[in-house]
Amino acid sequence: EVQVVESGGGLVQPGGSLRLSCTASGFTLNESATGWFRQAPGKEREGVSCISSRGTIYYQDSVKGRFTISRDDAKNTVYLQMDSLKPEDTAVYYCATDGLCGTTAQAMGAVLYDYWGQGIQVTVSS
């Protein structure tokens, strides 16, 4: 049984920071790709960032320079550090693993990921 759990979401003011954590039980995250997706009300789910087993990293253009993805193998945890947050970043963020990650958005399509967390709310508002 594989369980994926996100934590670290919440309410933050524009320009603030949050760090999301993704932990997995029953699966070793460094054996495959782990990605962060988000879905805002009325919008489709989109890939935000991913990291492959080899360390390949992808960022959606809208978050480049603001978000940083990393993996701590000792803790079997993937992080998404979100800085300079904007109201447009407001969404439910999902961690998913056992997928693919390359240099393009197509490489991290949601359909390619097997295990998903329940999602965590990130709200950026003043």
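Residues numbered from 1 in each chain as written. Predicted model: local features only at pLDDT ≥ 70, side-chain atom pairs only at ≥ 80, totals over all residues. Heavy atoms only, no water.

1. What about the sheet that holds strand β8 (residues 77–82)?
And then number 1: On the basis of which strands lie adjacent, the open sheet formed by four strands has the order β1-β3-β8-β7 and antiparallel pairing. Looking at strand neighbours, the two that pair on one side only are β1 (3–7) and β7 (67–72), the edges of this open sheet. Across the sheet, the axes of successive neighbouring strands diverge by a mean angle of 15°, strand direction being ignored.
And then number 2: As judged from the six bridges shared by strand β3 (residues 18–25) and β8, these two strands associate in the antiparallel manner. Paired with Arg19 across the two strands is Gln81, which belongs to β8. (Pairing = 2+ DSSP bridges. Helix = DSSP H or I, 4+ residues; strand = E, 2+ residues; numbered from the N terminus. Axes fitted to C-alpha atoms, helices over the stretch in contact; angles between N-to-C directions.)

2. Some details on the state of the cysteines
Here a disulfide denotes a covalent bond joining the sulfur atom of one cysteine to the sulfur atom of another.
And then number 1: In this structure the tally under the stated criterion is two disulfides.
And then number 2: The residue that forms a disulfide with Cys22 is Cys95, at a sulfur-sulfur distance of 1.9 Å. Disulfide Cys22-Cys95: torsion about the S-S bond near -75°, hence left-handed. Residue Cys22 is found in strand β3, and its partner Cys95 is found in strand β9 (residues 91–99); the two are separated by 73 residues along the sequence. (Disulfide = S-S within 2.5 Å.)

Shape descriptors only; they carry no functional weight alone.
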